[in-house]
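Close look at the chain arrangement
Listed here are the chains, written in short residue letters.
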Amino acid sequence: MRVDCSTDVGAVRASNQDACDCGTFPDGGAWIVVCDGMGGANGGNVASSVAVKTIRDIISSGFCQGMDPESVKQLMLDAVDLGNEAVFEMARGNEALWGMGTTVALVVVYGGLLHVVHAGDSRAYLKKDNTLEQITMDHSYVQDLVNLGHLTPEQAKVHPQRNIITRVLGVHPDVLPDYSRFDFAPGDMALVCTDGLTGYADEHLILEYMDRYENDGARLVKELIRYAVESGGSDNVTAAVIAG
Ligand code: MG
C-alpha cells in the first residue's frame with residue numbers, strides 16, 4: 001500500500017491555511033489527515049496544523065497490529081475529538097486566535113476496509129474499477145440547500161455562500177463528525193482533498209488523472225494540485241491518495 005499527500009498555497013492567497021499528513025502502518029494499511037483552517041490573523045494556519053499534528057500523533061501511537069474495525073473506528077473518533085479539544089483550548093487561551101477552526105477529513109485503510117471520519121467540506125473519494133464515488137457529504141450551507149432540493153449541485157458550486165460550513169473542528173467544546181466505512185480491495189484508490197481542489201476539478205477530471213498516474217501517487221497529487229492552481233488557484237489546495 002502506498003500513500004502520498006501534498007499541499008499548496010495556490011495562486012492568490014498569501015498563506016496556506018490547509019495542512020495534511022499521511023503515513024503507513026507496520027503491518028500494512030495507511031492513513032491520511034487533511035484539514036482546511038479558517039480564522040483571522042494566523043488562526044487558520046494554527047487550527048489546521050494543530051489539528052493535523054494532534055490527530056497524527058493519536059493515530060500513530062494508538063494503532064495496534066491486528067486492530068478490529070470497531071477499534072479502528074473508535075481510535076479515529078478519539079483522534080478527532082482530541083484534535084477538536086487541542087484547537088479549542090488553544091483558541092481559548094489566546095485572544096488573537098479566538099474563533100479559529102478547521103475542517104477535518106481522516107481516512108484509514110486497514111484490513112480490507114476504508115474508514116472515513118470528517119467534519120466540514122473537505123472530502124474523500126473512492127475509486128473502484130472505472131468509477132469514482134464521493135464518500136463524504138459536505139457539512140455546508142449549500143449542501144443543505146441541495147439536500148432540500150433548493151439548489152442543484154451545479155448551482156452549489158458557484159453559490160456566493162458556498163464557503164459556509166456547518167460543522168467545524170475547534171470552535172465548540174464538542175464536534176460531531178460523520179463516520180462511515182467501505183470495502184477497499186487491491187487496485188482501489190482513495191483521494192482526500194480540500195475544497196481548493198474540488199472547486200476546480202470535477203469527478204471526471206479526477207478519475208482521468210487517477211487513470212493516467214495510477215502507478216505514481218506522488219505525481220498524481222502534484223498534477224491534481226497543479227491543475228487547480230493553473231485553473232485559478234483562488235484557494236489553498238491539498239490532495240492525498242492511498243493506492244491499494
Ligand atoms: Mg479551502
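For the structure, see preceding data.
Residues numbered from 1 in each chain as written. Predicted model: local features only at pLDDT ≥ 70, side-chain atom pairs only at ≥ 80, totals over all residues. Heavy atoms only, no water.

Examining the environment of Asp4
- For Asp4, the position within the fold is in strand S1 (residues 2–8).
- Between the alpha carbons of Asp4 and Asp21 there is a distance of 8.7 Å; along the sequence they are 17 residues apart.
- Beyond its immediate stretch of four places on either side in the chain, Asp4 contacts Cys22, Gly217, Ala218, Val221, Ala239, Ala240 and Val241.
- At a separation of 3.3 Å, a polar atom in the side chain of Asp4 contacts the main-chain amide nitrogen of Ala218. (Helix = DSSP H or I, 4+ residues; strand = E, 2+ residues; numbered from the N terminus. Contact = heavy atoms within 4.5 Å. Polar contact = N/O pair within 3.5 Å; in protein donor to acceptor, adjacent residues only side chain to side chain.)

Here we look at the pattern of salt bridges
- This model, assessed by the stated rule, comprises 14 salt bridges.
- Of the charged contacts in the structure, one is a salt bridge between Arg226 and Glu223, with a shortest N-O distance of 3.2 Å. Residue Arg226 and its partner Glu223 are both found in helix H7 (residues 217–230); the two are separated by 3 residues, about one turn of the helix.
- Classification of Glu223 as buried rests on a relative accessible area of 9%. (Salt bridge = Lys/Arg side-chain N within 4 Å of Asp/Glu carboxyl O. Buried < 20%, exposed > 50% of the residue type's maximum accessible area, 1.4 Å probe, protein only.)

Things to note about the packing of helix H6 (residues 203–212) against H7
- Direction vectors running N to C along H6 and H7 enclose 145 degrees, while the axes themselves pass 10 Å from each other. Classified by chirality, the crossing of H7 by H6 is right-handed. Across the interface between the two elements, Leu205, Ile206, Tyr209 and Met210 of H6 pack against Leu220, Glu223, Leu224 and Tyr227 of H7.
- Each residue belonging to the contact of H6 with H7 can be placed in one class, and the counts come to 7 nonpolar, no polar and 1 charged. (Axes fitted to C-alpha atoms, helices over the stretch in contact; angles between N-to-C directions. Left-handed = near helix turned anticlockwise from the far one by under 90°. Nonpolar A, V, L, I, M, F, W, Y, C, P; charged D, E, K, R; others polar.)

Everything listed here is a matter of coordinates, which is why it stays silent on function.
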